[in-house]
There are 2 protein chains.
Amino acid sequence: MKEFWSGRIQSITPYTPGEQPRERKFIKLNTNENPYPPSPKALEAIRQGTGEALRLYPDPAGAELVQALAEVYGLEEEQIFVGNGSDEVLSFAFQAFFDQGSEIVFPDITYSFYPVYANLFGIRCRTVPLGDDFTLPMEPFLGGNDGVVIANPNAPTGIELGTDGIRRILEGNPERVVIVDEAYVDFGGESVVPLIRDYPNLLVVQTASKSRSLAGLRVGFAFGNPDLIAGLNCVKNSVNSYTLDRLAIAGAAAAVRDVDYFDARRRQVMATRERTVGQLKELGFTVLPSRTNFIFASHPAVSGRELFSGLRREGILVRWFDQPRIADFLRITIGTDGDMDALASALERLTGGKGPSA
Amino acid sequence: MKEFWSGRIQSITPYTPGEQPRERKFIKLNTNENPYPPSPKALEAIRQGTGEALRLYPDPAGAELVQALAEVYGLEEEQIFVGNGSDEVLSFAFQAFFDQGSEIVFPDITYSFYPVYANLFGIRCRTVPLGDDFTLPMEPFLGGNDGVVIANPNAPTGIELGTDGIRRILEGNPERVVIVDEAYVDFGGESVVPLIRDYPNLLVVQTASKSRSLAGLRVGFAFGNPDLIAGLNCVKNSVNSYTLDRLAIAGAAAAVRDVDYFDARRRQVMATRERTVGQLKELGFTVLPSRTNFIFASHPAVSGRELFSGLRREGILVRWFDQPRIADFLRITIGTDGDMDALASALERLTGGKGPSA
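Cut-offs and rules
Residues numbered from 1 in each chain as written. Chains lettered and ligands numbered in written order. Predicted model: local features only at pLDDT ≥ 70, side-chain atom pairs only at ≥ 80, totals over all residues. Heavy atoms only, no water. Helix = DSSP H or I, 4+ residues; strand = E, 2+ residues; numbered from the N terminus. Buried < 20%, exposed > 50% of the residue type's maximum accessible area, 1.4 Å probe, protein only. Contact = heavy atoms within 4.5 Å. Areas by Shrake-Rupley, 256 points an atom, 1.4 Å probe, with all protein chains shown as cover. Pairing = 2+ DSSP bridges. Salt bridge = Lys/Arg side-chain N within 4 Å of Asp/Glu carboxyl O. Disulfide = S-S within 2.5 Å. Polar contact = N/O pair within 3.5 Å; in protein donor to acceptor, adjacent residues only side chain to side chain. Least-squares fit on C-alpha atoms with pLDDT ≥ 70 in both. Phe/Tyr/Trp six-rings, centres within 6.5 Å; stacked < 30°, edge-to-face > 60°. Lys NZ or Arg CZ within 6 Å of the ring centre and 35° of its normal. Axes fitted to C-alpha atoms, helices over the stretch in contact; angles between N-to-C directions. Buried area = accessible area lost by both parts, 1.4 Å probe. Parallel < 35°, antiparallel > 145°, perpendicular 65-115°, else oblique. Left-handed = near helix turned anticlockwise from the far one by under 90°. Arc of directions from axis to C-beta.

J.: Go over the overall build of chain A with me, naming the residues and quoting the values.
T.: Tallying secondary structure elements over chain A gives eleven helices and twelve strands in all. Principal axes of the C-alpha set define a box for chain A whose edges measure 60 × 50 × 50 Å. Counting all 358 residues of chain A, 63% fall into the buried class. Contacts spanning at least 24 positions in sequence make up 71% of the contacts within chain A whose residues lie at least 6 apart. Counting only carbon and sulfur atoms, one obtains 48% of the accessible surface of chain A, whose full area is about 12,600 Å².

What follows is the structure, given as structure tokens:
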């Protein structure tokens with residue numbers, strides 16, 4: 001095996017996404033999907049697009065979606081890039097802005113796709129340990145690198161670095177691109193999109209998968225200076241002119257325009273999150289402060305591995321990372337109130353926190 | 001500009017897709033789309049999928065589509081890869097099988113995306129001139145390279161190299177991957193998919209965009225030895241775990257299973273092609289022998305540029321390549337009989353071939 005593989009891929013370890021169970025019915029709290037359906041307007045737009053027009057190529061620029069984002073975010077179209085999920089957008093950004101052999105920097109605990117991109121494209125990685133409280137130390141991110149990647153709020157911790165912190169990092173790296181991955185920002189975080197006017201080195205990446213309930217449609221965005229957006233388009237148009245299909249463009253554009261639905265649903269997720277944090281703290285869990293649609297929690301008495309397996313047996317999928325410093329934590333997506341009550345009951349049994357009838 | 005661009009993209013020229021007009025109503029014969037709608041079963045599958053489930057990530061492996069292809073083509077699932085259009089599949093193949101700095105070989109006149117991929121990934125290209133009749137000379141493809149890419153039937157010429165020719169190339173490069181891009185094979189060409197059992201170095205790439213009328217849905221396939229398929233998955237899972245959205249997987253799977261519809265529509269396109277070839281030859285055109293859903297034609301008296309512009313003025317879009325050897329040719333997609341009658345009338349006027357009332 002690997003007989004015909006290029007040197008580029010001989011030794012890389014691809015990203016492993018969270019499980020998508022095909023058979024048994026689970027309460028699925030493992031891949032940070034939204035528990036609520038997409039906007040009815042998005043579904044209607046998709047239905048409208050499901051017809052003969054599918055025989056035609058999509059608009060390669062996805063203009064309908066770019067225009068919707070420009071209006072809703074108050075930006076120029078040249079400041080916006082759209083792609084096949086934020087993962088693809090990030091992979092284009094790594095190719096567009098980080099040189100082979102150069103060294104980029106990101107925290108030791110963050111989205112585990114970053115080192116995967118870097119390995120494929122021959123970019124070196126320097127990881128900076130987060131503090132004991134999982135917050136980001138500033139100094140190591142201020143210069144001395146060829147690029148910076150910050151998930152904000154961070155994953156899987158859920159912790160947010162404030163806008164002032166991002167600003168300091170941008171100012172500490174005026175000649176390097178700083179990618180701020182805001183996949184989870186819509187659940188209470190503060191977006192730095194408004195900073196793209198002031199910082200030509202800032203690229204902000206977002207997704208329709210979480211806050212717009214469209215993980216199944218594969219749509220991500222990037223916001224930045226027109227020079228950065230042109231760089232992303234250069235990569236895109238060198239690998240696949242049409243990364244977004246007609247239905248994805250139409251559905252995501254309608255979802256972006258449906259601001260009321262978006263606001264109502266993300267508020268609902270945040271309310272459930274706070275309720276769940278309370279339930280878990282009552283069971284003795286440590287829960288990191290989350291500005292996302294997931295929480296990162298550990299129990300003083302029961303290991304992460306045991307909790308993960310125990311929940312799976314009870315029909316609840318969460319994400320567990322078997323890696324240093326966080327092996328006792330579970331990353332738990334915020335579902336409906338009902339999902340989270342089931343989770344709390346299961347964790348109560350698994351931790352012996354309270355009697356079943358307490 | 002390009003202030004923050006990586007060295008990788010500083011000097012590349014991306015691919016330019018054919019125009020997708022947003023305003024004026026054209027007869028669109030410029031991007032090799034199918035004139036007929038997708039299978040009604042594909043549209044129904046998409047409608048069925050348009051609901052709450054879009055909040056969930058798709059199956060990263062696209063198993064439903066892989067299974068459909070395995071059944072219809074009589075293959076094992078490990079011999080099949082699915083991606084976001086054959087362009088994306090090809091870009092993954094270039095990364096997976098061709099080393100940086102190595103030299104691959106393809107004809108001087110072929111799909112113009114190949115050198116674009118190569119440039120982005122630092123692969124060197126050697127182009128072999130096609131013969132005066134635009135057929136492929138064998139010798140230059142038999143060894144002495146690090147990989148081979150053959151569009152078969154070729155684009156934009158439409159000319160097919162027979163299976164024996166492909167077999168010779170495979171045997172002349174036993175330690176190199178030979179990519180056979182069969183984007184157009186379903187319109188009368190002979191597929192070499194059955195050869196993947198005998199040649200572990202053969203990767204066959206196909207698409208749902210042309211023969212299955214799903215250009216708007218972005219679905220491509222690759223067929224090959226499990227080792228090659230694993231290589232493609234390694235690249236895919238290093239850039240974007242979910243390249244196909246839920247609707248694309250469901251729609252393409254239904255389209256693949258609807259073999260009767262597929263056969264009826266491709267026969268219709270081929271019949272119209274033969275009819276159009278006759279019309280154009282009557283007008284004095286040279287038409288290369290096509291096994292695709294387009295024809296490549298030139299006129300002895302009127303230049304390609306003039307014909308292209310003249311047709312555009314008459315509301316008919318075709319593709320014209322301003323490059324050596326083929327600047328007098330038009331690449332004309334096969335539309336409906338009505339589309340092609342309009343084309344023939346317009347060309348009659350532009351070439352003065354016959355009086356308008358002849």
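Here the narrative resumes.
J.: Describe the sheet that holds strand S10 (residues 294-298) of chain A, naming the residues involved and giving the relevant values.
T.: Residue and element names in this part refer to chain A. Taken in spatial order, the three strands of this open sheet run S9-S10-S12, and their pairing is antiparallel. Strands at the two margins of the open sheet, each flanked by one partner only, are strand S9 (286-287) and strand S12 (329-333). In the sheet, S9 pairs with S10 via two bridges, with the strands oriented antiparallel. Each bridged residue has a counterpart across the sheet, and for Thr286 the counterpart in S10 is Ser298.

J.: Now, about the pattern of salt bridges: what can you tell me, with residues and values included?
T.: If you walk through the whole model with that rule in mind, you get 32 salt bridges over all chains. Linking Arg275 of chain A and Asp337 of chain A is a salt bridge whose minimum nitrogen-to-oxygen distance equals 3.3 Å. Taken as a pair, Arg275 of chain A in helix H9 (residues 259-282) and Asp337 of chain A in helix H11 (residues 337-351) lie far apart in primary sequence, 62 residues in all. Lys28 of chain B is the salt-bridge partner of Glu33 of chain B, the closest N and O atoms lying 2.7 Å from each other. Its relative accessible area of 3% is what places Glu33 of chain B among the buried residues.

J.: Go over the state of the cysteines, please, and point to the residues and values.
T.: Taken as a whole, this structure holds zero disulfides over all chains when the rule is applied. Free of any disulfide, Cys125 of chain B has its nearest cysteine sulfur in Cys234 of chain A, 16 Å distant. A residue is classified by how much of its surface remains accessible, and Cys125 of chain B, at 29% relative accessible area, is partly exposed.

J.: So what's going on with the side chain of Thr292 of chain A? Residues and values would help.
T.: Residue and element names in this part refer to chain A. In this fold, Thr292 is placed in the loop between S9 and S10. Of note is the side chain of Thr292, whose polar atom sits 2.8 Å from the side chain of Ser290. Only 2.9 Å separates the side chain of Thr292 from the backbone oxygen of Phe294, close enough to count as a polar contact. Residues in contact with Thr292, not counting those within four places in the same chain, are Pro153, Asn154, Gly158, Tyr184, Phe187 and Arg273.

J.: Any chance you could break down the relation of the copies chain B and chain A for me, citing the residues and the numbers?
T.: Aligned on chain A, chain B shows an RMSD of 0.0 Å; the corresponding rotation is 180° and the shift along the axis is 0.0 Å. As the rotation angle and translation indicate, the two copies are arranged about a two-fold axis. Taking C-alpha positions as reference, the residue of chain B nearest the rotation axis is Arg47 of chain B, located at 3.3 Å. By residue overlap, the copies meet face to face through one surface: 100% of the interface positions of chain B are interface positions in chain A.

J.: Could you give an account of the packing of aromatic side chains, naming the residues involved and the relevant values?
T.: Applying the stated criterion to the full structure yields 34 aromatic pairs over all chains. Geometrically, the ring pair formed by Tyr73 of chain A and Phe223 of chain A is tilted, given 5.2 Å between the ring centres and 35° between the ring planes. Here Phe223 of chain A lies in strand S8 (residues 220-224) and Tyr73 of chain A lies in helix H3 (residues 63-73), a separation of 150 residues in the sequence. For Phe223 of chain A, a relative accessible area of 0% translates into the label buried. For the ring pair Tyr15 of chain B and Tyr111 of chain B, a centre distance of 5.5 Å and an interplane angle of 70° mean the geometry is edge-to-face. Of the two residues, Tyr15 of chain B sits in the loop between helix H1 (7-10) and strand S1 (27-28) while Tyr111 of chain B sits in the loop between strand S3 (103-107) and helix H5 (114-121), which places them 96 residues apart along the sequence. Directly above the aromatic system of Phe294 of chain A lies the positively charged group of Arg331 of chain A, at a separation of 5.8 Å from the ring centroid.

J.: Pulling in residues and values, what's your account of the sheet that holds strand S9 (residues 286-287) of chain B?
T.: All names here are of chain B. One open sheet accounts for three strands, arranged S9-S10-S12; its pairing is antiparallel. Of all the strands in the sheet, just S9 and strand S12 (329-333) have a single pairing partner and so form its edges. Bridge count for strand S10 (residues 294-298) against S12 is five bridges, and the pairing is antiparallel. From the neighbouring strand, Ala297 faces S12, where its bridge partner is Leu330. In the packing of helix H9 (residues 259-282) onto the sheet, contacts are made with S9, S10 and S12, and the angle to S10 comes to roughly 10°.

J.: Outline the interface of chain B and chain A, supporting the account with residue identities and numerical values.
T.: Taken together, the contact between chain B and chain A spans 88 residues of the former and 89 residues of the latter. With both sides pooled, the region where chain B packs onto chain A buries about 7,000 Å², and carbon together with sulfur makes up 57% of that total. Sorting the residues of chain B by area buried against chain A places Phe4, Arg55 and Tyr57 of chain B first, and these three jointly supply 12% of that buried surface. Put simply, chain B and chain A have zero salt bridges between them. At ten residues, the largest contribution of residues to the side of chain B that touches chain A is made by helix H7 (residues 226-239) of chain B.

J.: Explain unusual backbone geometry to me, and be specific about the residues and the numbers.
T.: Residue Pro156 of chain A is bonded to the preceding Ala155 of chain A through a cis peptide linkage, with omega at 5°. Within the secondary structure, Pro156 of chain A is located in the loop between strand S5 (148-151) and helix H6 (163-172). For the bond running from Asn152 of chain B to Pro153 of chain B, omega is -5°, close enough to zero to count as cis. With respect to the helices and strands, the residue Pro153 of chain B is situated in the loop between strand S5 (148-151) and helix H6 (163-172). For Phe134 of chain B, which is not a glycine, the phi torsion comes out positive at approximately 65°. Checked against the element boundaries, Phe134 of chain B lands in the loop between strand S4 (124-128) and S5.

J.: Hey, could you go over the environment of Arg126 of chain A for me, with residue numbers and the actual values?
T.: Residue and element names in this part refer to chain A. By the secondary structure assignment, Arg126 is in strand S4 (residues 124-128). Judged by relative accessible area, Arg126 falls into the partly exposed class, the value being 27%. Only 3.1 Å separates the side chain of Arg126 from the backbone oxygen of Gly144, close enough to count as a polar contact.

J.: Lay out the packing of helix H10 (residues 304-313) of chain A against H11 of chain A in plain terms, naming residues and giving numbers.
T.: Packed helices, taken two at a time, are described by their axes: the angle between them and the distance between them. Residues and elements named next belong to chain A. The geometry of H10 relative to H11 is characterised by a closest axis approach of 10 Å and an angle of 125° between their N-to-C directions. Comparing the axis directions of H10 and H11 gives the class oblique. For the pair H10 and H11, the crossing hand works out as right-handed. Taken together, the residues of H11 that come into contact with H10 (itself represented by Leu307, Gly310 and Leu311) are Leu343, Ala346, Leu347, Leu350 and Thr351.

J.: Let's hear about H6 of chain A: which residues, and what values?
T.: For an α-helix the count is 3.6 residues per turn, leaving residues at separations of three or four pointing the same way. All names here are of chain A. Those residues of H6 not exposed but buried are Thr163, Gly165, Ile166, Ile169 and Leu170. The buried residues of H6 all sit within an arc of 160° when viewed along its axis, so they share a single face. Residues of H6 that are exposed and point over 90 degrees away from its buried face: Asp164 and Glu171. Lining the buried residues of H6 we find S5, strand S6 (178-181) and strand S7 (202-207).

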